[in-house]
Amino acid sequence: MAGVTGLTFLALCLPFFGALIAPVIVRRFGHNAAWPLSLLPALAFLYFAGFLPEIASGQAVEGGLDWVPSLGLRFSWLLDGLSLTFALLITGIGTLIILYTGGYLKGHADLGRFFSFMFLFMGSMLGLVVSDSFLTLFVFWELTSITSFLLIGFDHQREASRRAALQALVVTGGGGLLLLAGLLLIWQITGIASMSELLHSGDTLRTSPLYLSALILVLGGAFTKSAQFPFHFWLPNAMEAPTPVSAYLHSATMVKAGVYLLMRLNPVMGDTVAWQTILPIFGAATLLVGTLLAIRQTDLKLKLAYTTVSSLGLLVLLTGFGTDYAIEAAVLYLAAHSLFKGALFMVAGIVDHETGTRDITRLGGLRSAMPLTFAAAIVAAVSMGGLPPAFGFLAKEEIYVALAQASPWAIILTVIAVVGNALMFAIAFAVALKPFVGSLTETPRHPHEAPPLLWLGPVVLALLGLASALLSGSWHGYVSSPMASAVGGKELHISVSLVPHIGLPLALSLVTVLIGVLVYWQLDRARFLMSVILRNLGPGPDRGFDGFISGLVRVSHVVSRILQPGRLEIYVTVTFLCLAAMLLLPPIFHGELPAIPAWPNLQWHEATIFLIAIIGLAAVVLARDRLTAIVSLGIQGFAVAVIFLLFGAPDLSFTQFMVETLAVVILAMVMTRLRLSASDRRPPLKMLAHALIAIACGTGFGLLLLKATEAPFDLTLTAFFNHYSKLIAHGDNVVNVIIVDFRGTDTLGEIAVVAITGLAILALIRIRAGGERKLAANDPDLEEKMEAERS
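What counts as what
Counting of residues starts from 1 at the beginning of each chain's written sequence and follows it residue by residue. With pLDDT at 70 or above as the cut-off, local features in this predicted model cover only qualifying residues; side-chain atom pairs require 80 or more to be listed or tallied, and sums for whole chains, interfaces and linings still use all residues. The side-chain numbers reported here are obtained from all heavy atoms of the structure, hydrogens and water having been left aside. Here a strand is any run of E in DSSP of at least two residues, a helix any run of H or I of at least four, and the numbering for each starts at the N terminus. Throughout, the radius of gyration refers to the C-alpha atoms, and the reference size of a globule is 2.2 Å times the residue count to the power 0.38. Type-normalised accessible area, obtained with a 1.4 Å probe on protein chains alone, sets the label of each residue: buried when under 20%, exposed when over 50%, and partly exposed for intermediate values. Contacts: residue pairs with any heavy atoms within 4.5 Å of one another. For salt bridges, the criterion is a side-chain nitrogen of Lys or Arg within 4 Å of an Asp or Glu carboxyl oxygen. Points on a 1 Å grid over protein atoms alone make up a cavity when a 1.4 Å probe fits among them but cannot get out, and a pocket when they form an open set with protein on both sides within 12 Å along at least five of seven lines; lining residues each have an atom within 4 Å of a point. Grid points are joined across faces, edges and corners, and a volume is the space filled by probe spheres set on the points. Each residue gets one of three labels, nonpolar for Ala, Val, Leu, Ile, Met, Phe, Trp, Tyr, Cys and Pro, charged for Asp, Glu, Lys and Arg, and polar for the others, Gly among them. Put simply, buried Ala, Val, Leu, Ile, Met, Phe, Trp, Tyr and Cys residues joined by side-chain atoms within 4.5 Å make one nonpolar core. Distance thresholds for patches are 9 Å for like charges and 5 Å for nonpolar side chains (Val, Leu, Ile, Met, Phe, Trp, Tyr), applied to residues having over 30% relative accessible area and no salt bridge. Each accessible area value is a Shrake-Rupley result obtained with a 1.4 Å probe; residue values ignore everything except the protein chains displayed when judging cover. Two aromatic rings, drawn from Phe, Tyr or Trp (for Trp, its six-membered ring), form a pair once their centres lie within 6.5 Å of each other, and the interplanar angle then sorts them: stacked below 30 degrees, edge-to-face above 60, tilted otherwise. Counted as over-ring charges are cases with an Arg CZ or a Lys NZ within 6 Å of the ring centre that also lie within 35 degrees of the ring normal. Disulfide: a pair of cysteine sulfur atoms within 2.5 Å of each other. For every element, the axis is a line fit to its C-alpha atoms; helices are fit only across the contacting stretch, and the angle between N-to-C directions ranges from 0 to 180 degrees. When describing relative orientation, an angle under 35 degrees is termed roughly parallel and one over 145 degrees roughly antiparallel, while 65 to 115 degrees is termed roughly perpendicular and anything else oblique. By convention, the crossing between two helices is left-handed when the near helix turns anticlockwise from the far helix through less than a right angle, and right-handed when the turn is clockwise. How far a helix is expected to stretch is found by multiplying one less than its residue total by 1.5 Å. The arc under discussion is defined with respect to the helix axis, by the directions toward the C-beta atoms.

K.L.:
Just checking my understanding: could you explain the overall build of the chain for this structure?
P.N.:
Secondary structure assignment for the chain yields 33 helices and two strands. Compactness check: the chain gives a C-alpha radius of gyration of 35 Å against a globular reference of 28 Å for 791 residues, more than 25% above the reference. Viewed in the frame of its principal axes, the chain has a C-alpha envelope of about 110 × 70 × 55 Å. For the chain, the residues scored as buried account for 47% of the 791 residues in total. Contacts in the chain between residues at least 24 apart in sequence constitute 79% of all its contacts with a sequence separation of at least 6.

Now the structure itself:
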C-alpha cells in the first residue's frame, strides 16, 4: 500500500511538474513542445487505467498522509468507479488538449505560460476528483477557480477577457466559500472529515436537523461551479478564453466539478424530499435556459457553451431524480458528453483557426477543404444528437427509460428532457453541418485542413464515441457500472446497448429527432424568435452581475469612508476603546472580578520609585509641548526598570532601560522632523474622553493581572528551563538562554521587526527631507519659515 500511495502521489504531481518545466521546453522546441509535454498526462492516464480491473471488481483504493491526526485531518485520496472515471477523462482528454494547444497557439509569444496554466488547471482538477479528505477537496476546489481565472483571462489585454475571468472567479469562488461552510457543517454533524468514511455513515447526515442547511450550502458550491441557473451566465462568458481552454473546461474539467460533488454525496445526502425536489427543478430550468439561449447564438463556441449549460442541467436533474435508472443515465450521459463536446469544441477551434471566423452565418462549403475535420464533426454530432451507433444514443435511451414514468412529476421532467434533447440535436448538427455544407463562402483566411496537432484530438474523441458504443459490454464492465455503483451507493449493472428499448423510450427518441430536425430546418427563424423573446425579457443575470459588482463597489467606498477616514487619531481611539471593552466587559458581566489585595508594606526607597512614576505620569499629562511629554514619558519607563531591578530581575531591567532610552531618542528625532503643532490643541471634552479610555484600559490590564495572580502558579516550565538551560544550552543565565536558544527564532523575528521599523522611519525622514529640499528650491524663504515653526 505504501508503494501504491507513493506512485499515486507521483501521478497526481505529474501535471504540476509539467507546469514547472513547460516554459523551458517551449523555449527549446517551440510549439512542438506539445509532443513531449503530452507524455506527462498520458503517463498519468496509463497509471490510473491500471486500476480499472481492481475497481471493476468492486474494490476501492485509498491512501494518504496524516497532517493533524488529532483532528482527523489527512491529505488523502480515494479511487472508486466515480473518481477513477473522472481521473481518466481529465488525463486522457488533457493529453489531447495539450497536443491541440501546440497547434492552436503555434507561434504565440506566451505559449510556455499558457502550457503552465493548463497543467496547473489539470493538476487541480485531478486532485479535486481523487480527494478523500474534506481538506484536500476544498483546497483543490479553490485551485480550480484560481487556475481557471488565469486561463480565462489569458488574453488579459482585452477587457472582455478580464471581465469574464473576474466573473468566473467571483461566482465560483463565492460558491467555494459556501461549500467550505457546508463541509464544516457536515463535519460537525457526523464527526467525519473524509469522503470514504462519510459514504459508510448511513443515515446520520440525512436524519440530522441540520441536514437542510448543509444541503443548501453544498448545493451553493455545486451549482455555481457547474453553472446551474441562475448562475449559468459565467460559463458562456468564459468563451473569451482560447479554444483549448474552452474544450477542456467544457468536456472533462471544472464545469463538471459540481456534478461530481453531487454524485459523490448522493449516497449520503440523496434519497430525501429536498434532494429530489431541488436538484430536478434547477436542473430542468438550466436545461431549458441553456438550449433556448444556444438557439439564439451564431458563434460556434457560444452555441456549444450554452449546450454545455443545458447538459449540466440534465446531469443535475438525473442525479436528483433518485432512481437507479436515472443514476445509470447520468453516468452514461456524462461520459458521452465529455467525448462529443470535447471533439466539437476542437472542431470549432479548427474552423476559427483556419478560416478566421466562428460566425455560423459567414461559413459554408468547408467539407472539401477540411474533410477530416468535417468527418470528426459529423461523428461527434451524431453522438450529441443521440443517434446510433454513437455512445450518446445509449445515454439518451437510458434517460427516457429513467424518466418515462406515470407520475405527473416524471411526465413534466420527461417533456422538458425531450425538448432539451431535441434542441441540442438541432444545435449539434448546426455546428457540424452549417459550416461545411453548401457553397464555399469567402472567409478572412483561405481554408485548408488543419495540421495533425489540431485534428488528432477531435478525431480520437469522435472515434471513442463510436467505439464505446460498439463495445458497450466491455465499457460498462470497466467504466459505466463501477461509476454508477459509486454514485448509487450500491452495486448497479448497466446493460444498455445499441439495441433500442422497444416501447415508450424509443418513441420518445423518435419524437426528439423529429423536433430536432424541424428546429434545424427553421434554425434562422428560431434564432430570430429567441432574439425577440430575450429582448422583451430585458437584462438577464449577466447584467445583474455587473449591477451587483457596481453596487458592491459603491457600498465598499461608503464603508471605507466610515471605517477608514484617514485620521490616525480615530484609529488609535477606536483600538483602545475596543481594548478597554474586551478587558472590562467579560469579567463584569460574568462576575469574575478579582479580589483587591491589601496595600503592600513598601519600604521608603520602593515607595519613592512609585512616587517618581506618578510624578512622571503627571508631567506627561500636564506637559505644554510634545517634546516635553516625550521626555517625561521616559520617566515612566525608567521607574519601571528600577522596580524590575529592585525585585530581582536585572536582565529585564537592563532591557527596559535600553528600550526606554531608544524610544525617547527615536520619538524625539521623529518629532523634530515632522511638521506638527508644538502643543496639544485638543478641546477639553475630547481630552476627557481620551483620559477615560486610558483609565479604562489601565484598569482592565490591572484587573487582568490580578486575576492571573489568583490562579495557582504552575512551575512546570520553570523546572524545565532550570534543568535544561545548563544541560542543553550550556548557559547559567536562564533568561538569556530562553531568549537566545529556546526562543531563538522568535528573538530573530523580533530583531528583524525592530530593524525594519528603523529602516522605515529612516526612509520617511529622508523622504521628508527630500521634499523639503525640492520645496526650498522653489521658495528661498521656506527654510527660514520651517525653522521658525520648529522652534
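Past the structure itself, the notes keep going.
K.L.:
Before we go on, may I ask you to explain the pattern of salt bridges in this structure?
P.N.:
Opposite charge on two side chains makes pairing possible when the charged atoms of those side chains draw close. Inspection of the entire model under this criterion finds 14 salt bridges. Between D324 and K490 there is a salt bridge, with its nearest N and O atoms 3.2 Å apart. A residue pair is termed long-range when its members are at least 10 positions apart, and D324 in helix α16 (residues 324-355) and K490 in the loop between α21 (472-488) and α22 (504-521) qualify at 166 residues. Residue classification places D324 among the partly exposed residues on the basis of a relative accessible area of 31%. D352 is the partner of R358 in a salt bridge, and the nearest nitrogen-oxygen pair spans 3.1 Å. The exposure class assigned to D352 is buried, which follows from its relative accessible area of 15%.

K.L.:
Quick question: what am I supposed to make of empty space enclosed by the protein here?
P.N.:
The method is simple in principle: a probe with the dimensions of a water molecule rolls over the atoms, and the space it marks as empty is what remains. Scanning the model with the defined rule gives two cavities of 30 Å³ or more in all. Volume-wise, the largest cavity comes out at about 80 Å³. If you tally residues by element for the lining of the largest cavity, the top one is α16, at three residues. For the lining of the largest cavity, the residue count by class is four nonpolar, six polar and one charged. In this structure, the second largest cavity occupies an estimated 40 Å³ of space. Around the second largest cavity, the lining residues are A336, L339, F340, V379, A380, S383, L461, A462, G465 and L466. Broken down by secondary-structure element, the contributors of at least two residues to the lining of the second largest cavity are α16, α17 (371-384) and α20 (452-470). It is α20 that contributes the most residues to the lining of the second largest cavity, four residues altogether. When grouped by side-chain class, the residues that make up the lining of the second largest cavity number eight nonpolar, two polar and no charged.

K.L.:
I'm lost on unusual backbone geometry in this one. Help?
P.N.:
Following F229, the chain continues into P230 via a peptide bond in cis, with omega recorded as 10°. Topologically, P230 is positioned in the loop between α10 (211-225) and α11 (234-237). Omega for the peptide link from P388 to P389 comes to 5°, which places this bond in the cis form. Mapped onto the elements of the fold, P389 is located in the loop between α17 and α18 (391-403). Even without a glycine there, the phi angle at D271 is positive, about 60°. With respect to the helices and strands, the residue D271 is situated in the loop between α13 (257-269) and α14 (273-296). Unlike most non-glycine residues, H730 shows phi in positive territory, near 60°. For H730, the position within the fold is in the loop between α30 (716-728) and α31 (734-742). Taking the relative accessible area as the measure of exposure, H730 reaches 64% and is therefore exposed.

K.L.:
Just checking my understanding: could you explain the nonpolar core for this structure?
P.N.:
The nonpolar side chains of a soluble globular protein tend to be buried with one another. Formed by 191 residues in total, the largest nonpolar core has its most connected members in F48, W234, Y248, L261 and M269. When residues no more than four places from it in sequence are discounted, the contact partners of F48 are A11, L12, L79, L84, A87, L88, T91 and L126. Counting residues in each nonpolar core, the second largest holds six residues, with A580, L584, I693 and A696 among its members.

K.L.:
Quick question: what am I supposed to make of a nonpolar patch on the surface here?
P.N.:
Residues V555, V558, V559, I562 and L563 make up a contiguous nonpolar surface patch of about 460 Å² in total accessible area. Structurally, the position occupied by V555 is in helix α24 (residues 541-563).

K.L.:
Would you explain the packing of aromatic side chains in this entry?
P.N.:
Aromatic ring pairs are described here by two measures, namely the spacing of the ring centres and the angle between the planes. Summed over all chains, the structure comprises 17 aromatic pairs. Judged by centre distance (5.2 Å) and plane angle (40°), the rings of F374 and F436 are tilted. Pair noted here: F374 is in helix α17 and F436 is in the loop between α19 (408-433) and α20, with a separation of 62 residues, a long-range link. Pair check on accessibility: F374 and F436 agree, each one buried. Counting every residue linked through ring pairs, the aromatic cluster contains F720, F721, Y724 and F742. R28 extends its terminal NZ or CZ atom over the ring of F29, reaching a point 5.1 Å from the ring centre. Cation over ring: K434 sits above Y520, and NZ or CZ is 5.1 Å from the ring centre.

K.L.:
Looking at this structure, I do not really get the layout of surface pockets. What am I missing?
P.N.:
Roughly 910 Å³ of volume is contained in the second largest pocket. Taken together, 26 residues line the second largest pocket, and the ones lying closest to its centre are T655, M658, V659, E750 and V754. Residue assignment for the lining of the second largest pocket shows that the elements contributing at least two residues are α28 (650-673), α31 and α32 (744-778). The greatest single-element share of the lining of the second largest pocket, amounting to 13 residues, is contributed by α28. Grouping the constituent residues of the lining of the second largest pocket by class yields 17 nonpolar, six polar and three charged.

K.L.:
What's the story with the side chain of H476 in this structure? I'm lost.
P.N.:
On the secondary structure map, H476 appears in helix α21. Setting aside its immediate chain neighbours within four residues, H476 contacts L332, F391, L394, S481, P482, I494, S495 and V496.

K.L.:
Explanation requested: the state of the cysteines in the structure shown.
P.N.:
Here is the idea: a disulfide is a covalent bond, and it sits between the sulfur atoms of two cysteines. Across all of its chains, the model carries zero disulfides by this definition. For the unlinked cysteine C697, the closest cysteine sulfur is that of C578, found at 9.8 Å.

K.L.:
Is there a simple way to think about the packing of α14 against α19 in this case?
P.N.:
Direction vectors running N to C along α14 and α19 enclose 30°, while the axes themselves pass 9 Å from each other. Relative to α19, the element α14 lies roughly parallel. Crossing geometry of α14 relative to α19 is assigned as left-handed. Along the contact surface, α14 presents Q276, P280, I281, A284, L287, L288, T291, L292, A294 and I295, while α19 presents W409, L413, I416, A417, V419, G420, L423, M424 and I427.

K.L.:
Help me out: how do you make sense of helix α26 (residues 604-622) in this one?
P.N.:
Along an α-helix, residues three or four apart share an orientation, since each turn contains 3.6 residues. Taking 1.5 Å of rise per residue, 19 residues should cover 27 Å, and α26 covers 26 Å from first to last C-alpha, within 8% of that figure. Of all the residues in α26, the buried ones are E606, I609, A613 and G616. Buried positions in α26, seen along its axis, are confined to an arc of 75° and lie on one side of it. Along α26, exposed side chains directed more than 90 degrees from the buried face belong to W604, I614, I615, V621 and L622.

K.L.:
Would you explain α21 in this entry?
P.N.:
Its 17 residues place the ends of α21 only 20 Å apart at the C-alpha level, less than the 24 Å of an ideal helix rising 1.5 Å per residue. The element α21 is largely enclosed, with a buried count of 12 among its 17 residues. Of all the positions in α21, only S472, H476, V479, S480, S481, P482, M483, A484, S485, A486, V487 and G488 are classed as buried. Packed against the buried residues of α21 are α4 (52-56), α5 (81-104), α13, α16, α18 and α20. Within two residues after α21, G489 carries a phi angle of roughly 75°, on the positive side.

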